[in-house]
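Chain by chain, the residues:
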Amino acid sequence: MGQQDQPDERHRRPAGISDDTVEALGKLSEALETVERARGHLYSLHQLVGHADLMLDDAVEKFRAAGHGAIADRIATDLLGRNVIAGRWTFQIVEDFDDGYYALFRDLDRQARDELVAGRRHLYEAEMKERRRTRGRPGHEARPTGG
């Protein structure tokens, strides 16, 4: 067992770092992970609205073919290609989110880890793993074997 049955260096708390600091970094990481999920949903919105907008071409064509030119015109004029919020299509929302809030969140997370724990990630989870795993039991290794 020995060294191989311990977390690797990048998942060990540096000397002098308090439980409170590890917990605070863990909470910041958890918040960032939640924002990562939200970002995925934002990209889903972007793709779904874009797909729906392209589907409107078929709807307009079918309304015209069915003799409903006025409805087709309203959809083509008022909805097709419309901004989803003032002045923006979804790609612009995604870009603003990525370049603003998301970039700042990631930078502040990285800065906090760099300043406090030499950039180490997931220390809270690594320590939880150590508390919860059964040493010496298959499937409970501290890290991958080999390599």
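Colleague: Would you mind showing me how to read the overall build of the protein chain here?
Modeller: Secondary structure summary: the protein chain contains 4 helices and 0 strands in total. In sequence order, the protein chain lays out its α and β elements as α-α-α-α. In terms of C-alpha radius of gyration, the protein chain reaches 25 Å, well past the compact-globule figure of 15 Å for 147 residues. In the protein chain, which comprises 147 residues, the proportion classed as buried is 24%. The contacts in the protein chain between residues at least 6 apart in sequence include a share of 69% that link residues at least 24 apart.

Colleague: Which parts of the structure should I look at to understand the pattern of salt bridges?
Modeller: Where charged atoms from two side chains of opposite charge approach closely, those side chains can pair. In total, this model carries 17 salt bridges according to the counting rule given. The partner of R10 in a salt bridge is D8, and the shortest N-O contact between them spans 3.2 Å. Accessibility expressed as a relative area gives 56% for R10, which makes it exposed. Accessibility expressed as a relative area gives 18% for D8, which makes it buried. R110 is paired through a salt bridge with D114; the nearest N and O atoms lie 3.3 Å apart.

Rules used throughout
- Residues numbered from 1 in each chain as written.
- Predicted model: local features only at pLDDT ≥ 70, side-chain atom pairs only at ≥ 80, totals over all residues.
- Heavy atoms only, no water.
- Helix = DSSP H or I, 4+ residues; strand = E, 2+ residues; numbered from the N terminus.
- Rg over C-alpha atoms; globule rule 2.2 N^0.38 Å.
- Buried < 20%, exposed > 50% of the residue type's maximum accessible area, 1.4 Å probe, protein only.
- Contact = heavy atoms within 4.5 Å.
- Salt bridge = Lys/Arg side-chain N within 4 Å of Asp/Glu carboxyl O.

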